[in-house]
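Structural description and commentary
Spelled out, the chains give:
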Amino acid sequence: MSVLAILEQQGGQWHRMSWETLAAAQQFAAALKVPLNLAVAGSGIGALAAEAATKSAGKVYAVEHPLLGEYTADGYTAAFEGLVQALNPAIVMFPHTYRTRDFAPKLATRFSRTLIGDVVAARLDGASPVFVRQLFQGKLSADVRPDGEGPHFVSLQAGAWRADTLESGAAVVETFAPPLDVAMIRQQPEAPFRESARAVDLTAAERIVSVGRGIKDKENIPVVEALARALGAELAASRPICDAGWLPMERQVGSSGQTVSPKLYLAVGISGAIQHLVGMKGAKTIVAINKDPHAPIFEVADYGIVGDLFEVIPALVEQIKKARS
Amino acid sequence: MKIVVAIKQVPLRDSPLRVTASGQRAGRWIEESDLSFEINEPDAYALEEALQLKEKHGGEVVVLCAGPQRAAQTIREALAKGADRAIHLEQDDLAELDTLGVARLLSAALAAEKPDLILTGLQSDDLGAGQTGVVAAELLGMPHATIIMQVDVEGAMVRVKRELEDGWFQHIRLPLPAVLTIQSGINKLRYATLMGIKRAKAKEIKRLTATDLGISLGAASAVIEKVYSPAKTKQAQIFEGDPKTAAAQLVEKLKFEAHVI
């Protein structure tokens, strides 16, 4: 019995969520009273493995192969399949990153298991783990219990565990050479790129007014523009608004857009799906305006108005002008 | 080319959700009897992408949907938008299965169809596991790519644009047949035309069960034990009622308590 935490790196840089996953895995292994091992895959990752070994764990497996230099779903699945078979851990933990979403379900399938993905909390019920996931885009929570023998596969949501609780230690680095060959890898990746230099840097904004589906129509965008003007704020949006072309993609806040932490973030007609929340929950003061009192955005808000934004916003603009004059 | 699109029917966005109070699934799912349903949003984009690929390359678009009887409505709507035919895998209580069980069901039907390309949305709006396409690909022995924003078929290969984090993208080539999970916003959704709705009535919907497909779905390895409203971690100060009063109260707080205006 052991816990295995799979950390993520790209081009020699750690994915920041790796440390959150490691902190969670340390706590979980301690609660289960079983050893914790770490693993990271890539090509030429000796220095990263050595850095991971300064954390409290048993072993750090450097899963090394020239074919792991570039991420592919086939390569990563085959490599970690070998490691999981060799270690037979009770639980395998991943950060819930785009990469994990791409290969971890495939890896779990090799063991006839379903990945328990995007987990926000965990507890032990006796010796048996229970994981909490969000359903209906955060409106409900579910307790999910892995059934039967391990290994069980679990990915952890960004920000659900804190990296600053990480315990230092001295782990032993061991190289694991997975048996990969070119014929196993069907995806041919090209170099990652960005669409264009960002003309709008939302990360520098002190105040942001952000708009979501509640605005209903492109014609209504001026309603929130007026609010942004009154506040001296940048205008931003949740993904569906940018998908629809109502505002440019570069104004998107969330996991696929920008991550912001302004002094004031005012979310208008945004329900607060987790993909949006991860991009803005670091804001100092969060205000939500939404007609649905159960919208998940109110979970992270400091202040909220429950009501029709088309009535609330004009009233708000008037009050702000009064307060700032 | 033959494209199969796997779609799911989910409760209408912004439906009021109540946890099931009684019966076999008490406390483990939501009350469905008073809800309306629609196509899962990312699946609508997957369907649109399939229709556009067919317009470009010719061939056939087959809709595959696992779900209870009520899913027939969503299937009809997909046919009205232009899909050629459909397969309805009649299965009650999808949420009782785990992703592996659902993917076993879908992949049994997919294997029989022998498609060149399989598209599905990157995740469902209800369970949100975001895995069904990837797991089906593994069961079928096909390569996959996830969170796709562009699809170009190049002979026996497909070149796709994958979304990465923080505004990054990447192109990937993979051999056909392959499974792609489609991101919302990849294209512009079409509406069904009156003619399309009329034509859909004559299109074939094949109804199959797990037994018809000769498969056993297996025991779930991850079981939903309890569904509930999330505990509040932060207590927002909420202003309700008359918009003018609420706005004045909020501005007061923002100015004198939060000091942000």
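Treat the numbers as computed from the prediction; the structure is a model and nothing was measured.

1. Looking at the domain arrangement of chain B
- Each domain of chain B was delimited in the assignment, giving domain 1 (2-208) and domain 2 (232-261).
- Spacing between the C-alpha centres of domain 1 of chain B and domain 2 of chain B amounts to 42 Å.

2. Brief notes about the domain arrangement of chain A
Residues and elements named next belong to chain A.
- Under the domain assignment used here, chain A contains domain 1 (3-184) and domain 2 (202-324).
- One C-alpha centre belongs to domain 1, the other to domain 2, and the line joining them spans 34 Å.
- Of the residues lining the interface, seven residues belong to domain 1; the matching set on domain 2 comes to eight residues.
- Partitioned by chemical class, the residues of the side of domain 1 that touches domain 2 number one nonpolar, five polar and one charged.

3. Comments concerning the nonpolar core
- In this structure, A:Leu38, A:Val40, A:Met93, B:Val5, B:Val63 and B:Leu64 are the most contacted members of the largest nonpolar core, which totals 130 residues.
- The element that contributes the greatest number of residues to this core is helix H3 (residues 99-113) of chain B, accounting for eight residues.
- Aside from chain neighbours lying at most four places away, what touches A:Val40 is A:Leu7, A:Gln9, A:Ile45, A:Leu48, A:Ala49, A:Ala52, A:Ala62 and A:Val63.

4. A look at helix H1 (residues 17-32) of chain A
All names here are of chain A.
- Look at H1: 22 Å from first C-alpha to last across 16 residues, which is about the 22 Å you get at 1.5 Å a residue.
- Among the 16 residues in H1, 12 count as buried, and that is most of the element.
- All of the buried residues in H1 are Met 17, Ser 18, Trp 19, Glu 20, Thr 21, Leu 22, Ala 23, Ala 24, Ala 25, Gln 26, Phe 28 and Ala 29.
- Two residues or fewer after H1 comes Lys 33, characterised by a positive phi angle close to 55°.

Here is what the cut-offs are and how they apply
- Counting restarts for each chain: residues are numbered from 1 in the order of the written sequence.
- Key to labels: chains lettered from A, ligands numbered from 1, both in the order written.
- Per-residue local features of the predicted model are confined to residues with pLDDT of at least 70, and side-chain atom pairs are confined, for both listing and counting, to 80 or more; whole-chain, interface and lining totals are unaffected and use all residues.
- An automatic or database domain assignment supplies the start and end points of every domain.
- Two residues form a contact once the distance between their C-beta atoms, set from the backbone, is within 7 Å.
- Only Asp, Glu, Lys and Arg are considered charged in this grouping, and only Ala, Val, Leu, Ile, Met, Phe, Trp, Tyr, Cys and Pro are considered nonpolar; every other residue, Gly among them, is considered polar.
- A set of buried Ala, Val, Leu, Ile, Met, Phe, Trp, Tyr and Cys residues, joined to one another through C-beta atoms within 7 Å, is what we call a nonpolar core.
- Once C-beta atoms are placed from the backbone, each residue is buried if 20 or more other C-beta atoms lie within 10 Å of its own, exposed if 12 or fewer, and partly exposed for counts between those two.
- Runs of E in the DSSP output that reach at least two residues are strands. Runs of H or I that reach at least four are helices, and both are numbered from the N terminus.
- Here a helix's expected span is defined as the number of its residues, less one, multiplied by 1.5 Å.

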